[in-house]
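# Secondary and tertiary structure notes
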Amino acid sequence: MAKSIQELQTIATQVRRDILRMVCMAKSGHPGGSMSSTDILTDLYFNQMKHNPATWTRDGKGQDMFILSAGHMTPVYYSILARTGYFPVSELASFRQMGTRLQGHPSVRKSLPGIFQASGSLGQGLSAACGLAMGKKLDKDDNLVYCLCGDGESEEGQIWEAGMFAVFHKLDNLIAMTDWNGKQIDGPVEEVSGIGDLAAKWEAWGWKVIVAEAHDFEAIEKAFELAKAGKGSGKPTMILFKSEMGHGVDFMAGTHKWHGSVPKPEQLEDALKQLGETPLGDF
Amino acid sequence: MKKYTDTGKKDTRSGFGAGLLKAGQANPNVVALTADLKGSLKMDAFAAEFPERFFQCGIAEANMIGAAAGLAITGKIPFVGSFAEFVTGRVYDQIRQEVAYGNTNVKIASSHAGITLGEDGATHQTMEDIALMRALPGMVVLNPCDYNQTMQATIAAAQYEGPVYLRFGRPSVPNFTDPDQPFVIGKAIVMNEGKDVTLFATGHTVWEALQAAEALEADGISAEVIDIASIKPLDEQAIVASAKKTGAVVVAEEHNMAGGLGEAVAAVLAKAQPTPVEFVNGEDKFGQSGTPSALMAAYGLDAPHIAEAAKKAIARK
């Protein structure tokens, strides 16, 4: 059953708490992008995707599929997979520890349910998502394939190869998303490389493009509704989510400095206080 | 000594094309992708018979590897085809992440491998691809020797569950193996038994090794010829047994020294059966334009060079 906006907000707050506690326990990881894409992925997994953690298999037959192309955002990914029931929430404590199923970047070699493909070497996930979408078409499986990319990641040429390919093969069962937070590890995206107007670029590539606010659940739901309506149009859809790196915690918000840095204990305490506790409870 | 007859020169890439068609007919999950080299890879027959299972990717190899991985995740058996350089060196990271580490059932069809690509020159002549693919955990590396064997290796690759690198070539070369002999991954094939020296060869050098064995026989030397079509997994038992019997070894390959079959065989022998080994390979060099046969001779990969290496190995016993 679909979650209300209020319920989604509660989940997203808990996911942000999970992200911060995971990276602090592991003393490593990527909180910034995880927090900018938290609301998008919360809505995707709780209200949009047709999926059943209890019957999950890697081939994704009969279900929607998701690829995290920006593979470093494992904190948000694992939190959401756990909180939708793919594995016990308590397992989040093992993030990045020796022997864990929760590898630094997604792995298919540890039998962690919910992971369709390894990712982390940037620019490659959208191609894999194209393959999933083609496989579903061959199987006459009506379900959708989702893929989340980063804006910094979009500097990789392969993203644009996949962009051409998806249009040429009319992959209208593919909904790609970009976490357009404007930041990457070395600084603001426009100072590091300059990817320019992503909307104009994806439109020029022939995609159906939707630009939406990433921290407003009503806007997110509307964007997904529009994207799903693209099925049958012969075109893939790109939702460009305008987001804020480190969203939800004042000293982390809007700066590239938290792409891959971990808060100190007193900063964690401050951040958790800002987010507030939820009835869902910490892992 | 068993004599092999060339039943008519054929290119190994056409063996791949024939095998792909058979594999596609046998299993509806077999699909194929190419990066603008459908004709060069001899994929036309498959594409014509199964148009919905054939995907043209344009000149974008990186995306092709990822798309193949995605197809494999949904249960398809994708063969991705391009020139050897462009499905290894150009996309090493994509293969590492999406195919090897991702453990997807992708078959990398690698044509125009080695120096016999010929006139296009060194930009297109990879002599390093076996090294790159061998280095990947779990990757199967196959390098069949003629049309018939390449056809059978393609069928075997389709039946095997897991990543496979299947290497073959451009020029027409002798076709001499049994067309009906099933290909067994991980098994060496004893082409000729001998007692003085073992010639391990792979790909196009197998025919050269057979010619070398005939020349050696005329000189009173009995050479065992073993076709190592399966470079990884490697038939260590067969290698050790033959080296133990003959006491002298030559490893011939259309590939450079670093990371090639020579090093693989030497490692096996160093551990289990220390034996004098001579290497016939492209050493540490780039290729150049020329006809395939002129290049094989110039780079020291043909029968006379193999025979010479055999005598050196025997002298070191």
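Residues numbered from 1 in each chain as written. Chains lettered and ligands numbered in written order. Predicted model: local features only at pLDDT ≥ 70, side-chain atom pairs only at ≥ 80, totals over all residues.

## Remarks on the overall build of chain A
The condition that has to hold: Here a helix means four or more residues in a row that DSSP labels H or I, a strand means two or more in a row labelled E, and each is numbered from the N terminus. Atoms considered for the radius of gyration are the C-alpha atoms alone. The globule rule reads 2.2 Å times the number of residues to the power 0.38. Exposure criterion: with C-beta atoms placed from backbone coordinates, a residue whose C-beta has 20 or more other C-beta atoms within 10 Å is buried, one with 12 or fewer is exposed, and one in between is partly exposed. We call two residues in contact if the C-beta atoms placed from their backbones are at most 7 Å apart.
A count of helices and strands for chain A gives 10 helices and 7 strands. Rg of the C-alpha trace for chain A: 17 Å, near the compact-globule value of 19 Å for 283 residues, within the 12% margin. Taking all 283 residues of chain A together, the buried fraction comes to 52%. In chain A, the proportion of contacts linking residues at least 24 apart, taken out of those at least 6 apart, comes to 76%.

## Describing the overall build of chain B
Each helix and strand counted, chain B has 11 helices and 14 strands in total. Radius of gyration (C-alpha) of chain B: 19 Å, near the 20 Å computed for a compact globule of 317 residues. Per-residue burial for chain B yields a buried fraction of 62% across its 317 residues. In chain B, the proportion of contacts linking residues at least 24 apart, taken out of those at least 6 apart, comes to 81%.

## Thoughts on the interface of chain B and chain A
This is how it is decided: Here the term charged refers only to Asp, Glu, Lys and Arg, the term nonpolar to Ala, Val, Leu, Ile, Met, Phe, Trp, Tyr, Cys and Pro, and the term polar to all other amino acids, Gly among them.
In this assembly, 23 residues from chain B lie in contact with 27 residues from chain A. Broken down by secondary-structure element, the contributors of at least two residues to the side of chain B that touches chain A are α3 (61–73) and α4 (92–101) of chain B. The residue inventory of the side of chain B that touches chain A, partitioned by class, reads 10 nonpolar, 10 polar and 3 charged.

## Examining the domain arrangement of chain B
Residue and element names in this part refer to chain B. How we decide: Segmentation of the chain into domains, including their bounds, is taken from an automatic or database domain assignment.
Taken as a whole, chain B is organised into domain 1 (10–173) and domain 2 (189–315). Centre-to-centre, using C-alpha coordinates, domain 1 lies 25 Å away from domain 2. Facing 27 residues of domain 1, the contacting portion of domain 2 comprises 30 residues. Elements supplying a minimum of two residues to the side of domain 1 that touches domain 2: α5 (129–134), β6 (140–142) and α6 (147–159). For the side of domain 1 that touches domain 2, the per-class residue count stands at 15 nonpolar, 8 polar and 4 charged.

## What about the pairing of strand β1 (residues 65–68) of chain A?
Residues and elements named next belong to chain A. Here is the rule: At least two DSSP bridges between two strands are needed for those strands to be called paired.
Both faces of β1 are covered, namely the face carrying M65 and I67 and the face carrying F66 and L68. With 4 bridges joining them, β1 and strand β2 (residues 145–150) adopt parallel strand pairing. Looking across to β2, one finds that M65 is bridged to V145.

## Some words on the sheet that holds strand β4 (residues 77–83) of chain B
Residues and elements named next belong to chain B. Rules: The axes used here are C-alpha line fits, helices contributing only the stretch in contact, and every angle between their N-to-C directions lies in the interval 0 to 180 degrees.
Within the open sheet, the 7 strands sit side by side as β3-β2-β4-β5-β7-β6-β12. Their pairing is mixed. Each of the sheet's edge strands pairs with one partner strand only, and the pair in question is β3 (54–56) and β12 (230–232). Adjacent strand axes in the sheet meet at a mean angle of 20° when their direction is disregarded. Pairing of strand β2 (residues 30–34) with β3 involves 3 bridges; the strand directions are parallel. Of the residues in β3, the one forming a bridge with T34 is Q56.

## A closer look at the packing of helix α5 (residues 125–138) of chain A against α3(B)
Applicable threshold: For classification, angles of less than 35 degrees are called roughly parallel, those exceeding 145 degrees roughly antiparallel, those between 65 and 115 degrees roughly perpendicular, and all remaining angles oblique. Note on convention: the crossing is left-handed when the near helix lies turned anticlockwise from the far helix by less than a right angle, right-handed when the turn is clockwise.
The N-to-C vectors of α5(A) and α3(B) enclose an angle of 45°; their axes lie 6 Å apart at closest approach. Here α5(A) is positioned oblique relative to α3(B), judged by the angle of their axes. In this structure, α5(A) meets α3(B) at a crossing whose hand is right-handed. In this structure, α5(A) uses S127(A), A128(A), A129(A), C130(A), G131(A), L132(A), M134(A) and G135(A) to contact α3(B), whose residues at the interface are N63(B), G66(B), A67(B), A68(B), A69(B), G70(B), L71(B) and I73(B). Among the residues making up the contact of α5(A) with α3(B), the classes are represented as 10 nonpolar, 6 polar and no charged.

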